[in-house]
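# Close look at the chain arrangement
Single-letter residue listing:
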Amino acid sequence: AQSVTQLDSHVSVSEGTPVLLRCNYSSSYSPSLFWYVQHPNKGLQLLLKYTSAATLVKGINGFEAEFKKSETSFHLTKPSAHMSDAAEYFCVVSRGSQGNLIFGKGTKLSVKP
Amino acid sequence: DGGITQSPKYLFRKEGQNVTLSCEQNLNHDAMYWYRQDPGQGLRLIYYSQIVNDFQKGDIAEGYSVSREKKESFPLTVTSAQKNPTAFYLCASSIYRRAETQYFGPGTRLLVL
């Protein structure tokens, strides 16, 4: 069965410093993995997706994630945080042939001025 | 503009009452989904529909019902059997069998009086 674990429920960074949001996955086969972002009281927006092509995936707004099979990880990074990055981020795995998504519990990112 | 609309933004339910949440999309997507979001829980799948007049239960379907009479509409009814309905409800859609890229509506917050 597929699952994702987001290792931090809350991450706080200063503006201009790097962002690291951690995600580990469990899957019985090569997974499709995603990061979604949710700004307060809004719907979700796809940031980036990994579907077995390049292991380093670039997304919108300067975010990227690296798929590491040996570590079963898919961490989200950004070199320099912006105030507008403050939001909740979800690591997601595809549920196989049905294609439905399994969401992690989310990491809330706070950005201090 | 193409997108997903959910109404109302806030909805109040009295004890023993059924309420219906609206979800409409003009993206010409075949598949539609309903999720429930609780703080610290991520998103959990309630129901999904791959085509008109067909739908399947998700992980937490008890106390909910849906219909899919039109391609663009997928209303969710929260019945009196759902004992803890207070949550943020998100509707999403995708191209048929491409559930990895879902487009989300802005959500409806349901509160119990």
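What counts, and at which threshold
Residues numbered from 1 in each chain as written. Chains lettered and ligands numbered in written order. Predicted model: local features only at pLDDT ≥ 70, side-chain atom pairs only at ≥ 80, totals over all residues. Heavy atoms only, no water. Contact = heavy atoms within 4.5 Å. Salt bridge = Lys/Arg side-chain N within 4 Å of Asp/Glu carboxyl O. Polar contact = N/O pair within 3.5 Å; in protein donor to acceptor, adjacent residues only side chain to side chain. Helix = DSSP H or I, 4+ residues; strand = E, 2+ residues; numbered from the N terminus. Nonpolar A, V, L, I, M, F, W, Y, C, P; charged D, E, K, R; others polar. Buried < 20%, exposed > 50% of the residue type's maximum accessible area, 1.4 Å probe, protein only. pLDDT = per-residue confidence, 0-100. Pairing = 2+ DSSP bridges. Axes fitted to C-alpha atoms, helices over the stretch in contact; angles between N-to-C directions.

### Let's talk about the interface of chain A and chain B
- Each partner contributes to the interface: chain A provides 20 residues, whereas chain B provides 23 residues.
- Where chain A packs against chain B, one counts zero salt bridges.
- Run the count over chain A and chain B and you get three residue pairs in polar contact (both at pLDDT 80 or more).
- Where the side of chain A that touches chain B is concerned, the elements lending two or more residues are strand E5 (33-38), strand E6 (44-50), strand E10 (87-94) and strand E11 (101-103) of chain A.
- When its residues are assigned to classes, the side of chain A that touches chain B shows seven nonpolar, eight polar and five charged.

### Some words on the environment of A:Leu20
Residues and elements named next belong to chain A.
- Among the structural elements, leucine 20 can be located in strand E3 (residues 19-21).
- In this structure the C-alpha to C-alpha distance between leucine 20 and alanine 86, which are 66 residues apart in sequence, comes to 13 Å.
- Setting aside residues up to four positions removed in sequence, leucine 20 forms contacts with Val11, His75, Leu76 and Thr77.

### Here we look at the pattern of salt bridges
- All told, the structure shown has six salt bridges over all chains when counted by the stated rule.
- Here A:Glu64 makes a salt bridge to A:Lys58, at a shortest N to O gap of 2.8 Å.
- On the basis of relative accessibility, which here comes to 23%, the residue A:Glu64 falls in the partly exposed class.
- Linking B:Lys71 and B:Asp30 is a salt bridge whose minimum nitrogen-to-oxygen distance equals 3.6 Å. Placement of B:Lys71 in the loop between strand E7 (64-66) and strand E8 (76-78) and of B:Asp30 in the loop between strand E3 (19-25) and strand E4 (31-38) is noted, with a sequence separation of 41 residues between them.
- By relative accessible area, B:Asp30 is classed as partly exposed at 27%.
- One salt-bridge network, held together by shared partners, links B:Arg36, B:Asp38 and B:Arg44.

### Observations regarding the environment of B:Asp54
Residue and element names in this part refer to chain B.
- Its place among the elements puts aspartate 54 in strand E6 (residues 54-57).
- Along the chain, aspartate 54 and alanine 92 lie 38 residues apart, while their C-alpha atoms are 16 Å from each other.
- Aspartate 54 has contacts with Ser49 and Arg68, leaving out every residue within four places of it along the chain.

### Focus: the confidence of the model for chain B
- Chain-level pLDDT for chain B is 92 on average; 98% of the residues reach the 70-or-more range.
- Of all helices and strands in chain B, the one with the weakest mean pLDDT is strand E2 (residues 10-13) of chain B (91), whereas E7(B) scores best (97).

### Describing the sheet that holds E8(B)
Residues and elements named next belong to chain B.
- The strand order across the open sheet built from four strands is E1-E3-E8-E7, with neighbouring strands paired in antiparallel fashion. The open sheet terminates on both sides in strands that have one partner only, identified here as strand E1 (4-7) and E7. Across this sheet, the average inter-strand angle for adjacent strands is 20°, counted without regard to direction.
- Where E7 lies against E8, three bridges are found, and the strand directions are antiparallel. Within E8, the residue paired with serine 65 across the bridge is threonine 77.

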